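Topology and contacts: notes
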Amino acid sequence: MIRFNQTTKTFYLRGKDYAYVMCVGKAEYLLHLYYGTAIRESDAEYLAEKVGSLQDAACADGGRDLHANELWSEYPSYGRGDYHEPCVLIERKDGALMSRFRYVSHEIKKGAPDVKGMPHVRKADETLTIVLKDDFSSTQIYLHYIVGETSEVLVRYTEIKNVGKESFYIKKALSFALDLPDQAFDLFRLEGNPTAERAPEITPLGHGVTKLQSLRGASSHQMNPFAALLRKKVTETAGECYGVQLIYSGSWQITAEVGNAGTVRLQGGINETAFCWKLGAGEMFTTPQVTLCYSAVGLGGLSRGFADFLRECVIDPKYAKQIRPVLVNNWEATYFDFNYEKLFPIIDEAAKLGIDTFVLDDGWLGKRNWDDSSLGDWFVNTEKLPQGLIPIIAHCKEKGLKFGLWFEPEMISENSELYRLHPDWAIGKQGQTPCRGRNQLVLDFSRREVVDYVFGVMSKILSENEISYVKWDMNRSMSDFFSSALAAEQQGELTHRYILGVYELAERLKSAFPHIFFEGCAGGGGRFDAGMLYYFPQIWTSDNTDAYDRARIQWGTSYCYPVSAMSCHVSACPNHQTGRSVSLQTRGAVASLGATGYELDLSKLSAGEEEEVKAQIAAYKKIEPLVLSGDLYRLSSPFEQTYFCEMLVSKDKTQAYVVGEQLRADPNGYYKESYLRLTGLAEEKLYFIEELNITASGAILANFGLLLPHLPDYGSFVWHIGEVK
């Protein structure tokens, strides 16, 4: 719901359980008044009178501009008294940067805008657009607020238009600002590294600016484009949380600034470092969309709000809740060393076990037998596969499997035919020794001819072969930020233009091959973000497949992404990344909390292991609807306790599925954590726990719980729970 009160000039936005209120002050500034638990529309008038009037008094006329620092601004300007971080910096021909934005008009429309060339919200009830005009330049700002009445999430983004006759430069362009009236918050982030992605970290929010960011040209393994402000002592089930998540996959930033007046300003969008966009007369620049989620019921409520929103409004509806292929990938089974004779036994075994799809990973192209050549040469390695992909696809079809293929479209090897023809297609300054990663460079996707070339060669492979699945990889961060195709004054546009090129290629391929299921990957979890989920309904969660570490990685990822988006595989032991040995039972249990698959040589399984894998796949297919559509409840943290436990619950509360893993056997720790409360069930219902042969009410299961099994290190259990009618 979006309402505008003409008398008080107040905007009232209402979602499922939140309200957001703004007003136009007497000086025509757009002022923030309230964001939090749902209030009545009539309460907005009270806020306008009591809060808006105080802010108006701070800037009643131009003679008191320096008091702009006291305003709660919806889109802060620069150089006219507000000394917090601004949202936008516009540099004009004379070098001036100051700005002051005033309200001009607004419009309320049904539905969500179709933002061309960028991932965006696919559906909504209403969109509010507010137009602001700069007093000192030919800049107009369009602030967009997208509301779904059954959603916990408010979506914001900004458009910047040059309404003058001369070009100017955008030096900073953030998507939103949110001023909160006090500073009693902790800052929650998801930090990490390759093979240790998205670990939750909560720190006190001190005075000054705290900046979370990526400068890597990708959302990154190191810091996810998500943050939350938490009230002190927030738990999974209680306390206020304000979450923000960017629908963007390039270099980004989120800042939290505690001011001396006792407020907090939260902002986010494209990373401003080295960013500079030349905007010509009449042109418009669009910032990435950002999601804001408010929860009054703790981190669990925040997570479920984000998960529902991504499944309902961002992920392609064709795949969001569609049954996913259970696949086997040959990477950890063979790496680059494979031929028909090594691949066929894996396919044969996959067919026996109930697997749906075989995926051929890196090494099938050009002359690629190691990671030092051939990226960009997207034709089959006929020395390794003399008859191409056709015999593998035919063997899959004979055994009842579909076929999938790995690509790394954004990369180029110096030892490749493509690089020898077009060395300038690699990002970097010609004549300087490049900064290499994994023996590869990054293709310049800011260039249309590069995107066209990659689309052409990938389309040839995809159209000439019966392929149902594509794994899209990206194995290094960007460096040497220079494009041979951009003028000197436009080099600051490179990283954003690059990710727009990635989005364009993904959109073109999905449109050309609508039958193909695309999975995202970036050295594992290096580009796990809401922007990529617009194109890829699931993402390879991490290159670390160890079931002990995956419990932590999947736990952290679940704070702002649905489990259906996590690609989770069972791999061989000792694990290739950690050397740790974990039972096949535990590996399967942890992998079942996401889109499951296998990453090992199936032909080397024992007879007992074959039967266990067959049973795992059959069991997973029964609970997959919960993975795709259920609500996640985090029950026992692998970062704080000796057990990892999560539960998926159906929307109607009639079914649930619990997975637990004992991370470290500790007799004292066991007795401290001996009962697991199943928060999330309906207290008035009666449930049967299949594995324990126990019938109990949802009330007793939630408030007292079930006795945890006493397990060795890395031991696991699963419980299937159903309502007793």
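Small disclaimer: the values here were computed from a predicted structure and weren't measured.

Looking only at helices and strands, one finds 14 helices and 38 strands in the protein. Whereas a compact globule of 725 residues would reach a radius of gyration of roughly 27 Å, the protein reaches 26 Å, a difference of no more than 12%. Counting every position in the protein, which comprises 725 residues, the buried fraction comes to 62%. Residue pairs in contact within the protein that sit at least 24 positions apart in sequence constitute 70% of those at least 6 positions apart. Working note: accessible area of the protein is about 26200 Å², and carbon and sulfur atoms make up 51% of it.

Following the sequence through the fold, Gln245 ends up in strand 15 (residues 241-246). Side-chain polar atoms of Gln245 contact the backbone oxygen of Cys560, separated by 2.9 Å. Other than its neighbours up to four places away in sequence, Gln245 contacts Pro225, Phe226, Val290, Thr291, Phe306, Leu310, Ala530, Cys560 and Tyr561.

For Leu13, the location among the structural elements is in strand 2 (residues 10-14). Owing to a relative accessible area of 0%, Leu13 belongs among the buried residues under this scheme.

Considering all chains together, one arrives at 51 salt bridges under this definition. Ionic pairing is found between Asp182 and Arg231, a salt bridge with its closest N-O pair at 2.5 Å. With Asp182 in the loop between strand 10 (168-180) and strand 11 (185-193) and Arg231 in strand 14 (residues 226-231), this pair connects stretches of sequence that are 49 residues apart. In this structure, Arg508 engages Glu504 in a salt bridge whose closest nitrogen and oxygen atoms are separated by 3.3 Å. Within this pair, Arg508 and its partner Glu504 are both found in helix 8 (residues 494-512), separated by 4 residues, close to a single helical turn.

A separate point is helix 4 (residues 340-353). With 14 residues, helix 4 extends 20 Å from end C-alpha to end C-alpha; this agrees with the ideal 20 Å at 1.5 Å per step. Looking only at helix 4, the buried set comprises Tyr340, Leu343, Ile346, Ile347, Glu349, Ala350 and Leu353. On its buried face, helix 4 sits against strand 21 (327-329), helix 3 (331-334), strand 22 (357-360), helix 5 (390-398) and helix 12 (607-629). In this structure Asn339 caps helix 4, since a side-chain oxygen of it lies 3.1 Å from the backbone nitrogen of Glu341. Once helix 4 finishes, Gly354 follows within two positions and takes phi at roughly 95 degrees, a positive value.

Another aspect to go through is the packing of aromatic side chains. Taken as a whole and judged by the stated rule, the model has 37 aromatic pairs. Here the aromatic rings of Tyr319 and Phe517 are separated by 5.3 Å at their centres, their planes lie at 90 degrees, and the arrangement is edge-to-face. With Tyr319 in the loop between helix 2 (298-314) and strand 21 and Phe517 in strand 27 (residues 517-520), this residue pair connects regions lying 198 residues apart in the sequence. One aromatic cluster is present, built from ring pairs that chain together Tyr18, Tyr20, Tyr35, Tyr145, Phe185, Tyr242 and Tyr294. The ring of Tyr534 carries the charged tip of Arg122 above its face, separated from the ring centre by 3.9 Å.

As a further point, take empty space enclosed by the protein. Applying the stated rule across the entire model yields 6 cavities of 30 Å³ or more. One number sums up the size of the largest cavity: a volume of about 180 Å³. Along the wall of the largest cavity there are 13 residues; nearest its centre are Tyr29, Leu71, Ser73, Ser77 and Phe101. Across the lining of the largest cavity, the residue classes tally to 7 nonpolar, 2 polar and 4 charged. Reported here for the second largest cavity is a volume of approximately 70 Å³. Lining the second largest cavity, in full, are Ser303, Arg304, Ala307, Asp308, Arg311, Ser558, Tyr561, Pro562, Val563, Gly630, Asp631 and Leu632. Put simply, the parts of the chain that give the lining of the second largest cavity at least two residues each are helix 2 and strand 31 (631-636). The biggest single contributor to the lining of the second largest cavity is helix 2, with 5 residues.

What follows concerns the sheet that holds strand 2. Reading across the sheet, the 4 strands line up as 1-2-3-4 and stay open at both edges, with antiparallel pairing between neighbours. Looking along the sheet, the strands with just one partner apiece sit at the ends: strand 1 (2-5) and strand 4 (30-37). Ignoring strand direction, the axes of neighbouring strands in this sheet form an average angle of 15 degrees. Taken together, the 7 bridges between strand 3 (residues 18-24) and strand 4 define a ladder with antiparallel strand orientation. Its bridge partner lying in strand 4, Met22 is registered against His32.

It is worth spelling out the nonpolar core at this point. Generally speaking, a soluble globular protein has its nonpolar side chains buried in company with each other. By size, the foremost hydrophobic cluster in this structure holds 186 residues, and its most contacted members are Phe358, Leu360 and Trp364. Not counting the four nearest positions on each side in its chain, Trp364 is found in contact with Phe338, Trp378, Phe379, Val380, Asn381, Leu385, Leu405, Trp406, Phe407 and Ile461. Among the nonpolar cores identified, the runner-up in size contains 22 residues, and Ala656, Leu681, Ala682 and Tyr687 belong to it.

Reading the values: the criteria
- Residues numbered from 1 in each chain as written.
- Predicted model: local features only at pLDDT ≥ 70, side-chain atom pairs only at ≥ 80, totals over all residues.
- Heavy atoms only, no water.
- Helix = DSSP H or I, 4+ residues; strand = E, 2+ residues; numbered from the N terminus.
- Rg over C-alpha atoms; globule rule 2.2 N^0.38 Å.
- Buried < 20%, exposed > 50% of the residue type's maximum accessible area, 1.4 Å probe, protein only.
- Contact = heavy atoms within 4.5 Å.
- Areas by Shrake-Rupley, 256 points an atom, 1.4 Å probe, with all protein chains shown as cover.
- Polar contact = N/O pair within 3.5 Å; in protein donor to acceptor, adjacent residues only side chain to side chain.
- Salt bridge = Lys/Arg side-chain N within 4 Å of Asp/Glu carboxyl O.
- Expected span 1.5 Å × (residues − 1).
- Phe/Tyr/Trp six-rings, centres within 6.5 Å; stacked < 30°, edge-to-face > 60°.
- Lys NZ or Arg CZ within 6 Å of the ring centre and 35° of its normal.
- 1 Å grid on protein atoms, 1.4 Å probe; cavity = no way out; pocket = protein on both sides within 12 Å on 5 of 7 lines; lining within 4 Å.
- Points joined across faces, edges and corners; volume = space filled by probe spheres on them.
- Nonpolar A, V, L, I, M, F, W, Y, C, P; charged D, E, K, R; others polar.
- Pairing = 2+ DSSP bridges.
- Axes fitted to C-alpha atoms, helices over the stretch in contact; angles between N-to-C directions.
- Core = buried A, V, L, I, M, F, W, Y, C linked by side-chain atoms within 4.5 Å.

Interpretation note: all reported values are geometric properties and have no functional meaning in isolation.
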